[in-house]
Amino acid sequence: MVTIKDVAREAGVAISTVSNVINNVGNVSRDTKQRVLDVVERLKYVPNMNARSLKANKGNTVGLFLASIQGDYYRMLTQAIHIQCKVTGFMLNIYVSNKNTSEEIYGMIISSGVEGAIIMNESLGSEYIARIERTGLPMVFLERECRSEKISSIVIDNYSGVVMAMEYLIGLGHRRIGYIHGVDCRDDKERYRAYLDVMKKYGLCVEEELLLNGFFEEVIALSEVRQLLLKGIRLPDAFFCANDEMAWGCMQALASFGVKVPEQVSVIGFDNINLAQYYKPALSTIQSPVTELGDKSALELFRLIRREGLLEGTSIRLAPSLVIRESCAGRRE
């Protein structure tokens, strides 16, 4: 069995340096860090998870690795995973990276001591996923499609959700439809692609000045729409917003200028967070099955850990649905 001493000797560094690299702490030069990681991979060294777990009282622990925990979406997701862990007897540790590199996220995962990982972080590169896979750690990826013996993925069908929303708006008579982007990620790319495809399908013009960037945040979307209004640009018939928080920011900006929703401008969101039904007006949106995403990701990870059923990973796609409330109305000439 390869030990940390073997890695240190092969890499020509102290044991403490190997420990710092694996735990992503201390001041280790990039070259030294890469040399250690190369040896870790070549020797197929895996930290003694059992000893670490006993020491930290982390037996039966799984990890949730996220790029953010901001917003109701992440609250709903983590709550669903936590409930499944509690029912099944697993402990849940949550790890949040902000602008960490693939290498840093990799170090975070392999040093965590967890028995399995649920990962929703596009910053983790495929080569590092392959490195983690070679350690034998079961993983479930959210919003990233990949599958192997110990890797499963669960994604929400963003594309079909936006098609539903856009066709609903067009069915109401709307032709000039703006789009408010989130951050540059798979979700937003898929949603924007669907928006463009539907606009093209119906022969509608995509107006650059009606494409805004809200970065999935209420306050930024509010500011973007206010700037549009201050410039005196003619408002669209409707806004499609890539999440509900931005839709709420959009509606607040419109209201601050006396623009009535939905009488003058319709607004639709995506996700159907809990607060959406309490907005004034209540928000029409796409039901993103976030709770189901959390439930299924946890149950799938437990299956991989226990090697139950199929002895390989699976790929699951969840279907969204349209929720009609008060923020959209037929176009008035």
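Higher on the page you've got the structure.
Participant: Please clarify how the side chain of Ser327 should be interpreted in this entry.
Facilitator: In this fold, Ser327 is placed in the segment after strand 12 (321–323). Overall, Ser327 belongs to the buried group, its relative accessible area being 0%. A distance of 2.6 Å separates a polar side-chain atom of Ser327 from the backbone oxygen of Val267. Polar contacts involving the side chain of Ser327 include one to the main-chain amide nitrogen of Ser284, which spans 2.8 Å. The contacts of Ser327, once residues within four sequence positions are left out, are Met251, Val261, Pro262, Val265, Ser266, Val267, Pro281, Ala282, Leu283 and Ser284.

Participant: Is there a simple way to explain the packing of aromatic side chains in this structure?
Facilitator: Where two aromatic rings form a pair, the distance of their centres and the angle of their planes describe that pair. Counted under the stated rule, the structure contains 9 aromatic pairs. With 4.6 Å between their ring centres and 5 degrees between their planes, Phe90 and Phe302 make a pair best called stacked. Taken together, the residues Phe90 in the loop between helix 5 (72–88) and strand 2 (91–96) and Phe302 in helix 12 (residues 290–306) connect sequence positions 212 residues apart. Phe302 gets classed as buried once you look at its relative accessible area, which sits at 3%.

Participant: What exactly am I supposed to notice about the nonpolar core here?
Facilitator: A general trend in soluble globular proteins is that nonpolar side chains are found buried together. Grouped together as the largest cluster of nonpolar side chains are 72 residues, with contacts concentrated most on Ile180, Leu254 and Val267. Not counting residues within four places of it along the chain, the set of residues in contact with Leu254 comprises Val225, Leu229, Leu235, Val259, Val261, Val265 and Val267. In this structure, Val7, Tyr106, Ile119 and Tyr128 belong to the second largest nonpolar core, which totals 30 residues.

Participant: Sorry, what's going on with the layout of surface pockets here?
Facilitator: Where empty space is left in the structure can be found by rolling a water-sized probe over the atoms. Taken as a whole, the largest pocket holds about 920 Å³ of empty space. Lining the largest pocket are 28 residues; nearest its centre among them are Ala67, Ser68, Tyr74, Val183 and Phe216. Counting residues per element, the ones that place at least two in the lining of the largest pocket are helix 5, strand 3 (116–120) and helix 9 (186–201). In terms of residue class, the lining of the largest pocket is made up of 10 nonpolar, 7 polar and 11 charged.

Participant: What is the right way to read the side chain of Asn121 from this model?
Facilitator: Mapping Asn121 onto the fold places it in the loop between strand 3 and helix 7 (126–134). For Asn121, a relative accessible area of 6% translates into the label buried. Engagement of the side chain of Asn121 in a polar contact is seen with the side chain of Ser97, the distance being 2.6 Å.

Participant: Honestly, the sheet that holds strand 6 (residues 177–181) in this entry has me stumped. Any pointers?
Facilitator: Note: strands within a sheet are paired through backbone hydrogen bonds, in either parallel or antiparallel orientation. Read from one edge of the open sheet, 6 strands run 7-6-8-9-10-12, paired in mixed fashion. Each end of this open sheet is capped by a strand with a single partner; those strands are strand 7 (211–213) and strand 12. Within the sheet, the average angular offset between the axes of one strand and its neighbour, ignoring direction, is 20 degrees. Note: strand 10 (residues 284–287) against strand 12, 3 bridges, orientation antiparallel. Following the sheet pairing, Ile286 is matched in strand 12 by Leu322. Contacts between helix 9 and the sheet are confined to strand 6, strand 7 and strand 9 (266–271), with strand 6 contributing the most and set at about 170 degrees to the helix. Set on the sheet, helix 10 (residues 218–230) makes contact with strand 6, strand 7 and strand 8 (238–241); between it and strand 7 the angle comes to about 140 degrees.

Participant: Help me understand the packing of helix 5 against helix 12 in this model?
Facilitator: Any two packed helices are characterised by the angle at which their axes cross and by the distance between the axes. One can describe the packing of helix 5 onto helix 12 by two numbers: an axis separation of 8 Å at closest approach and a directional angle of 40 degrees. Taken together, the axes of helix 5 and helix 12 are oblique relative to one another. Here the hand of the crossing between helix 5 and helix 12 comes out right-handed. Packed against helix 5, whose contacting residues are Tyr73, Met76, Leu77, Ala80, Ile81, Gln84, Cys85 and Thr88, the element helix 12 presents Val290, Thr291, Leu293, Gly294, Asp295, Ser297, Ala298, Leu299, Phe302 and Arg306 at the interface. Among the residues forming the contact of helix 5 with helix 12, the class breakdown is 11 nonpolar, 5 polar and 2 charged.

Participant: Looking at this structure, I do not really get the sheet that holds strand 5 (residues 151–156). What am I missing?
Facilitator: The 6 strands lie next to each other as 2-1-3-4-5-11, forming an open sheet whose pairing is parallel. Two strands in the sheet have a free side with no partner beyond their single neighbour: strand 2 and strand 11 (315–318). On average, each strand axis in the sheet is tilted by 15 degrees relative to the strand beside it, whichever way the strands run. Strand direction decides the pairing type here: strand 5 and strand 11, joined by 4 bridges, are parallel. Of the residues in strand 11, the one forming a bridge with Val155 is Arg317.

So, how was this worked out
- Residues numbered from 1 in each chain as written.
- Predicted model: local features only at pLDDT ≥ 70, side-chain atom pairs only at ≥ 80, totals over all residues.
- Heavy atoms only, no water.
- Helix = DSSP H or I, 4+ residues; strand = E, 2+ residues; numbered from the N terminus.
- Buried < 20%, exposed > 50% of the residue type's maximum accessible area, 1.4 Å probe, protein only.
- Polar contact = N/O pair within 3.5 Å; in protein donor to acceptor, adjacent residues only side chain to side chain.
- Contact = heavy atoms within 4.5 Å.
- Phe/Tyr/Trp six-rings, centres within 6.5 Å; stacked < 30°, edge-to-face > 60°.
- Core = buried A, V, L, I, M, F, W, Y, C linked by side-chain atoms within 4.5 Å.
- 1 Å grid on protein atoms, 1.4 Å probe; cavity = no way out; pocket = protein on both sides within 12 Å on 5 of 7 lines; lining within 4 Å.
- Points joined across faces, edges and corners; volume = space filled by probe spheres on them.
- Nonpolar A, V, L, I, M, F, W, Y, C, P; charged D, E, K, R; others polar.
- Pairing = 2+ DSSP bridges.
- Axes fitted to C-alpha atoms, helices over the stretch in contact; angles between N-to-C directions.
- Parallel < 35°, antiparallel > 145°, perpendicular 65-115°, else oblique.
- Left-handed = near helix turned anticlockwise from the far one by under 90°.

What is shown is where atoms sit, not what they do.
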